[in-house]
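Here's the letter readout for the chains.
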Amino acid sequence: EHPTNVRVLKTLARPIDQRQNAALCLIHRYNNDWIPSYIVVKDVPEISNYAICLNGHPDNVIKMMPFFQNTRPGVEYEQWIVFLAQAKVVLDSYHNFHTYGRSAVDCACLQIPCIGTDMIHAQPILWPDLTTKSNDVLGQRKILKRLVADKEFYKKVTDYAFEKVEDFSYAASFEKFK
């Protein structure tokens, strides 16, 4: 696991009424497949779709611009965490290879639901109800719609992840590896 400064990140969490009504789709530099994310967020009522690239390939950013309302190419972590804290829901959807899942951890600290696949190590640990099998974009779309419509479900999953993310803290990591 990747130890995280959970205590500091938790201070950046915003109340839900201070967040944008947006689903933030993360498109990473090493996972430039944005089409599944677009399928998940396209035309979901009561939420605006929003894309952000973390150092995504410039050609991909240009290709996705007509589909998403906003794109931000080449965003570094310091800028990204600020955008992340403003979102209502995050979609970090890996379908092709495994990854640790720093975004799932950051979202748990910020109390922002993170929809993702079982290809992300931290995803099913922190967000079991928001985790799908790889390539299940319709399942992810169903979860997004439920998060938008069901405030109790939204609160349940964010409260669980906010408590569970302590397992990724420096102190917990130290205890695991000493």
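If you're wondering where the values come from, they're calculated on a predicted model, not measured in any experiment.

K.L.:
Please explain the pairing of strand β3 (residues 89-92) as it appears in this structure.
P.N.:
Along any regular strand, the residues point their side chains to alternate faces of the sheet. With burial as the criterion, each face of β3 is covered, one bearing V89 and L91 and the other bearing V90 and D92. Pairing of β3 with strand β4 (residues 114-117), which is carried by 3 bridges, proceeds in the parallel orientation. Considered in β4, the bridge of L91 is made with I115.

K.L.:
Can you walk me through the pattern of salt bridges in this structure?
P.N.:
Any two side chains of opposite charge can pair, given that their charged atoms come close. Using the criterion set out here, one finds 7 salt bridges in the structure. A salt bridge links K155 to D159; its shortest N-O distance comes to 2.6 Å. Here K155 pairs with D159, and both are found in helix α8 (residues 151-164), just 4 residues apart, close to one helical turn. Between K164 and D167 there is a salt bridge, with its nearest N and O atoms 3.1 Å apart.

K.L.:
I keep staring at the environment of L84 and nothing clicks. Help me out?
P.N.:
Tracing the chain through its elements places L84 in helix α4 (residues 77-86). Its relative accessible area of 0% is what places L84 among the buried residues. Beyond its immediate chain neighbours, meaning those up to four positions away, L84 contacts L24, V90, D106, C107, L110 and I112.

K.L.:
So what exactly am I meant to see when it comes to the packing of aromatic side chains here?
P.N.:
Ring pairs (aromatic) are described by centroid distance and by the angle formed between their planes. Evaluation of the coordinates by the stated rule reveals 1 aromatic pair. With centroids separated by 6.3 Å and ring planes inclined at 65°, the aromatic side chains of Y100 and F168 adopt a geometry described as edge-to-face. With Y100 in the loop between β3 and α5 (102-110) and F168 in the loop between α8 and α9 (170-177), the pair connects residues that are 68 residues apart, well separated along the chain. Residue F168 is classed as buried on the basis of its relative accessible area, which comes to 1%. Directly above the ring of F162 sits K10, whose terminal nitrogen or CZ lies 4.0 Å from the centroid.

Definitions and limits used
Starting from 1, residues in each chain are numbered consecutively following that chain's sequence as written. Whole-chain, interface and lining totals are the exception, using all residues; otherwise, since this is a predicted model, local features are given only for residues with pLDDT of at least 70 and side-chain atom pairs are given and counted only at 80 or more. Each side-chain value is worked out from all heavy atoms of the structure, with water and hydrogens disregarded. Here the term buried applies to any residue with accessible area under 20% of the maximum for its type, exposed to any over 50%, and partly exposed to those in between, with areas from a 1.4 Å probe on protein chains only. Secondary structure follows DSSP: runs of H or I at least 4 residues long count as helices, runs of E at least 2 residues long count as strands, and numbering of each begins at the N terminus. We treat two strands as partners when DSSP finds at least two bridges between them. Any carboxyl oxygen of Asp or Glu that lies within 4 Å of a side-chain nitrogen of Lys or Arg is treated as forming a salt bridge with it. Only heavy atoms enter the contact rule, under which two residues are in contact if any of them lie within 4.5 Å. Two rings from Phe, Tyr or Trp (for Trp, the six-membered ring) form a pair when their centres are within 6.5 Å of each other. A pair whose planes differ by under 30 degrees is stacked, one over 60 is edge-to-face, and the rest are tilted. For a ring to carry a charge above it, either NZ of a lysine or CZ of an arginine must fall within 6 Å of the ring centroid while also lying within 35 degrees of the normal to the ring plane.

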